[in-house]
Structures are given as C-alpha cells and as structure tokens.
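This is what each chain is made of:
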Amino acid sequence: MKTAVRQLGPLLASVVGLLLLFRIWVPNFLASENLIDLTQQISVNAILALGMTLTILIGGIDLSVGAVVALVGTTAVFTMASVDESMSPIPQLTLGILAGLGAAIGIGLFNGLSAAKTRMPPFIITLATMQIARGLALRFNQGRPMNVPDSQTAFLAIGNGRVWEVVPIPVLIMVILFAIGALLLHGTLFGRHLYAIGGNRLAAQLSGVPVVRRETVVYILCAVMAGVAGLIHASQLYSAEPASGEGFELDAIAAVVVGGTSFTGGIGTVHGTLIGAIIIGILDKGLNQAGVHFSLQYVVKGLVILGAVYLDVVRRR
Amino acid sequence: MRRKLSNLLSVGLLGILMGCGGPTPESQEKPSRTFGVVYQTLNNPFFVDLNAGMEEVIDVHGDELITLDSQFNSLKQKNDISDLILQGADAIFINPVNWEGIKGSLIQAKEKGIPCIIVDAPVKDQNLVLCQVASDNVEAGRLAARALAEVEPEAKVVILHLSVNKACIDRVDGFKEEAAKYPGMEILDTQEGEGTREGGRPVMRDLLGRFPEINAVFPINDPSALGAISALESAGKLENVTVVTVDGSQEGIAAIRAGKLHSTSAQFPKEIGKAAAEHAYKHLNGEEVPKDVVIPVELVTAENADEFLKEAETGS
C-alpha cells in the first residue's frame, strides 16, 4: 500500500500539474468534453500499453504490436466484407472479430513459444514478427485501405459510439480491460508468477513457476490487446488500413515506462501504465491546442519521457 | 534527499513545458480567428510551401494558424483534428492520410459546425466538406505522358506509384489515359515507390533487373523521381531512360537543368495554400464557395526551367 502511494503519488501529481498547466494557455482545456475526448484519444495506446506492461514486466518486449493492429484490422474487415451478403450483420461481425483476434493469437502464440522455449531474445523475435505481420496485412487489397461495409453499424460503434451519449465505447473497453488486468496482475497467483519471472527467471523456474507456460500466455495476451486496439482503430477509421499502426509499439512502450514499469522487468503496475498513457495523452493534446510548433512537440515529449524514466531510476536506488 | 531531488525534477519538467509554451493569452488584444491545418506529413517541401501560402493570407488578417504534422499516422491525424475541433477552431484545413479513414473526423467537425477544407489530396466523403483545393492531378499526368511521347513515342514505361494517395491515383489515371493515345507506348509494370527518394531507388533498381528494355519511367512525384534517377545513374542507364514526373520542386527543377530529369508537371503549392485560406474567409463572411477548386499545373522542361525558377524566386 505504502509503495503504491509512493509510486503513484508523483504520477498523479504530474497529471494534475499538467492539466492545470495547459489550462493556462487553453481556456477550455478542462471542459468536460475536452477531457472525454482525451480519454477517447488515449484508448488505443493505453490498451496496447496494457499488453506491453505484461511483456516488459517479465523482462521481455513486444515490438510486433503496431503491425498486429494493422493485421487484425485488415483481417476482420476483409472477413466481414467477404462473407455471404445474406448473412445478417451480427454473425458477420462475430466472424470478423474472431478472425481478427485469431490472427492476433497466432502471432502471440508464436512470439510466446519462441521467447519461452528458445534462447532468441524477444526483441529480435518480435522485430521479425513485426515484419511478418506487416507483410501479411499488406497482402490484403494490394495494401490499400478497405472500407467497413455500411451495414456494419455495430462494428462502427466499437470505435465511434458512446454509452448513454457520454462515455465513448473505446473508453469503456479500455476501463474494463484495465480492471481485468489489475485483478490478474495484482490479485492472482498468475500475477505473482509474472513478477517472479521478471525478477529472476532462473530462480522462478527453480521454485516451481511454470515459466514457459506463463511467458507464452503473456505474449498471447499482449497480442490480443493489440488485436482489440486494432479493431477499435479500424472502426474509428471506418476502414482497415494495412499501413496503419506503424510506430504504435514505441508509443506504447513510452506509456509503460512513464508509468513506472522497470525496463529490466520485475517492477511495474497496471494502474501506473494507465496514468502513463494519460500523461502522454495530455501532452499530445495540450501541446496541440496550445499551438506549440510541431517540431518542439517532439522535443518536449522526448524530454518528458527521459525525465520520467530518470525520476523512476532515482526513486528506486 | 532523493525525494527532494525527484520533486525538484518534477518541477523542472513542468518548467521545460512552460518554456516551450504557446502564445500567451495576453498577447492578443482581441481574440481573433483561429485556424488549424493538419498535414499527412511535413517531411516534404511541397507541404511546407503550401503552409507558407496559407500563413501568408491568414497573417494579413491578423489571425492565428495552428500547423500540425500527422506523420502518415491516421490515428494521430484523427486526434489532431479532434483537438482543433474542441478548441473551437473557426475552420480546419485537412490534408488526409487516408482518404476514407478521415470520415469520422469530418463527421465530428460537421456536428460542431466547423467547416473543413481539404487541401492537395481529396477525400471520399465529399458531402462532409466545404470544399477541396488541389492541383489538376489528372492533367499533370496527361502532361507527363505527352512530354514523354514527344521524345520517346515507343516508350516502354514503368510507373512508380503511391497508390494509397488519391492525388497520385489521379496522376496515374491521367498518364495512362494519354499514353493510350500512342500505340507504340507500353506500360510494363506499376510498382509502389512510396513517393520518396528512399522508396523510389530500390524499386527502380529491381525493375531494371526485371525489364532490361525499360526506356522510360513515370514516378508520381519529384522525390521518387530523384530516387529512380539515382538508381539509373548507378546502373549506368540514365542516358537510355527518360524520366518524367509531377511536382515542380526546387530539387526537381535542378535535376532538369542537370539533364537528368526530362520534365516535371509543376504544381503550385503556395497557390493551393492561398486559395484554401481565401475560400475559408469567403465562407466565414457568408459567401458561397465552389466545391472543387482546381489549381492549374504547368509543364516544366529544360526549355523553361530557368524561367520557372526565376518566377518561383520572385514569389509569384
């Protein structure tokens, strides 16, 4: 409990600080609509970062998530567009989502088994599957965007709809996934196993943690999160874009480390990651709305990431 | 001690942000109009020029323009646009990454009653936008094919495409339409050259290996043409291959003067930017604006390259 406060204190303080800071330049920065929009903007990155947290926690990494976003979107939309037209939208949607998430599970399973069973570093494995997934995504429609069929209102609602006219559906999905993630990581034996593996893989193995199984599951979970993000992304774009998602893995990693997860594994929390994603989202929105020149935005974001990680290192020493 | 240091650093980070802050609210006496513009990339002199044209008009009115770079990332573009919408921009200029995927943003703007003006590359859902300002891309393609036919009526052509971009699709359509009028002309293949120097070079090299008979190339813009030229040069084949393209950038004209590029159908990005801004003001003043504003293109070859450069320098 005490450590949680110690970790979250400065993070929450930066969130409040940043919000108030941008309020100076952007009069309606704290307007409820702007804040709701903020949560919607971070949803894709936050969901990717949730999966990424698990892989970084066990001392791994998954660079393929951005390409998986594209692969899942294209697979799902392609499936929906090519099934029998007489099929009603809901079964069509189910098939599309299953096909998309199936593709994600396939990549995740491969990443996980390779990372757990061979001595290849996860950085290299997922660098390779990133290329493979990107290539597979580009196979669809000669690499051109594919429109979501107009009849697919349910699919379009995933990224664009709102519950009770207020809460964007992607935000609801994000919150549910983070709640499940927090329960899983901080309330179960499975979660403790992940910390053990990240702390010291060999020691974990010797003390009876099923390392191979756990690692494989972590990479599958990470890919499935990327899959969910990919479905939201395709829905928001009204189309699946084979070239989309490039660099998303880096944004996700940034959210994870700003949120206090140690890059060497064994330390980190799910709620920290959520706050990390929020901080990056506030920066993106605030700098845009304050009219900061786009070239400076990169510099500021780089400095903030460096600063956050440095703070983290200092606090842990 | 450590705690102190970390607190100090947090303050420091905020300080950095303050230092880079935007316009101070006091500096403007009357809160005039705010415009936003979102580009698919600013890593291309074309868009930098376009932005300069837009700024010129907006500066004259004493208003503010927020320029954002979406880095070819549709998600970032969507977020950039919603930031501008919620900030209450008076009008938003959009150069779409994905001409279909922009739909959600256009709907959001329409709901708020903010007019969207599309620059350079069109969008699919034209009913959602106020107007589109672009070069006559089909004509640019036609001009390129005609220029090629004059020197190489029996051309065996390869096309370096950027097929996600509607402006480039139009150029290629125009080129093919015109090329079909010359029975000796043959299009061997169309490949993705990414519209960049880095993208054009390797593709050209591969095509040279596959089709030894190539004697002409149509890359869809100056950067990919320069990439193709560098591949042709290193293969020692530039002398036998005629390169025609579309753009009219400084680098492109320089290549024409050096005898490496045969022609470029020049666009006028600054004019596009100016026209877009002018039409936004017209609309805000209650005037009717046309749905499609087409900025003419002009063929540049060795004959008029010097003249063209001079005109560009004097800022016509």
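Residues numbered from 1 in each chain as written. Chains lettered and ligands numbered in written order. Predicted model: local features only at pLDDT ≥ 70, side-chain atom pairs only at ≥ 80, totals over all residues.

Draft legend 1. How the structure looks around the overall build of chain B. Helix and strand counts for chain B stand at eleven helices and twelve strands. Put simply, 74% of the contacts in chain B that link residues at least 6 apart link residues at least 24 apart. (Helix = DSSP H or I, 4+ residues; strand = E, 2+ residues; numbered from the N terminus. Contact = placed C-beta atoms within 7 Å.)

Draft legend 2. The arrangement of the environment of Leu283(A) in detail. Residue and element names in this part refer to chain A. Among the structural elements, Leu-283 can be located in helix H12 (residues 270-289). For Leu-283, a count of 20 C-beta atoms within 10 Å gives the class buried. With sequence-adjacent residues up to four places away left out, Leu-283 is seen in contact with Leu-18, Val-300, Lys-301 and Val-304. (Buried ≥ 20, exposed ≤ 12 C-beta atoms within 10 Å, placed from the backbone.)

Draft legend 3. How the structure looks around the domain arrangement of chain B. Residues and elements named next belong to chain B. According to the domain assignment, chain B contains domain 1 (32-134 + 269-294) and domain 2 (137-267 + 301-313). The gap between the C-alpha centroids of domain 1 and domain 2 is 29 Å. On the side of domain 2, seven residues touch domain 1, which itself brings eight residues to the contact. Its residues assigned to classes, the side of domain 1 that touches domain 2 shows seven nonpolar, no polar and one charged. (Domains from an automatic or database assignment. Nonpolar A, V, L, I, M, F, W, Y, C, P; charged D, E, K, R; others polar.)

Draft legend 4. The pairing of strand E3 (residues 91-94) of chain B, seen in detail. All names here are of chain B. Neither face of E3 is left uncovered, since the one carrying Ala-91 and Phe-93 and the one carrying Ile-92 and Ile-94 both have all their residues buried. Sheet topology note: the strand E1 (residues 34-39)/E3 ladder contains four bridges and is parallel. Paired with Phe-35 across the strands is Ala-91, a residue of E3. Here three bridges tie E3 to strand E4 (residues 116-119), and the two strands are oriented parallel to one another. Counterpart to Ile-92 in the pairing with E4 is Cys-116. Crossover connection from E3 via helix H4 (residues 103-111) to parallel E4: handedness right-handed. (Pairing = 2+ DSSP bridges. Right-handed = clockwise from strand over helix to strand, strands pointing away.)

Draft legend 5. Main features of the interface of chain A and chain B. Contact residues are listed per partner, giving 44 residues for chain A and 37 residues for chain B. Every element with two or more residues in the side of chain A that touches chain B is listed here: helix H1 (2-25), helix H2 (32-57), helix H10 (211-236), H12 and helix H13 (294-316) of chain A. Per element, the largest residue contribution to the side of chain A that touches chain B is ten residues, and it comes from H13(A). Classifying every residue of the side of chain A that touches chain B by side-chain character gives 20 nonpolar, 15 polar and nine charged.

Draft legend 6. Layout of the sheet that holds strand E2 (residues 64-69) of chain B. Residue and element names in this part refer to chain B. Spatially, the six strands line up as an open sheet ordered E2-E1-E3-E4-E5-E11, and their pairing is parallel. This sheet does not close on itself; its edge strands, each paired only once, are E2 and strand E11 (292-295). Sheet twist, expressed as the mean angle between neighbouring strand axes with direction ignored, is 15°. Two strands pair when backbone bridges link them, and E4 and strand E5 (residues 131-135) are joined in this way by three bridges, in the parallel orientation. Across the sheet, Val-119 pairs through a bridge with Val-133, a residue of E5. (Axes fitted to C-alpha atoms, helices over the stretch in contact; angles between N-to-C directions.)

Draft legend 7. Structural context of the sheet that holds strand E6 (residues 156-161) of chain B. All names here are of chain B. A sheet is described by the order of its strands in space; here six strands give the open sequence E7-E6-E8-E9-E10-E12, paired in mixed fashion. Strand pairing shows two members of the sheet lacking a second neighbour, strand E7 (186-192) and strand E12 (298-300), which therefore form its edges. Averaged over neighbouring strand pairs, the angle between their axes works out to 20° when direction is ignored. In terms of strand pairing, strand E9 (residues 242-247) meets strand E10 (residues 263-266) through four bridges, oriented parallel. Each bridged residue has a counterpart across the sheet, and for Thr-245 the counterpart in E10 is Thr-264. Along the sheet, helix H8 (residues 222-234) contacts E6, strand E8 (216-219), E9 and E10; its crossing angle with E9, the most-contacted strand, is approximately 160°.

Draft legend 8. Representation of the pairing of E5(B) in the model. All names here are of chain B. A large share of E5 lies buried, amounting to five of its five residues. Residue alternation in E5 divides its side chains into two sets, Cys-131, Val-133 and Ser-135 and Gln-132 and Ala-134, and both sets are buried. Both E5 and E11 contribute to a ladder of four bridges, which runs parallel. Each bridged residue has a counterpart across the sheet, and for Val-133 the counterpart in E11 is Val-293.

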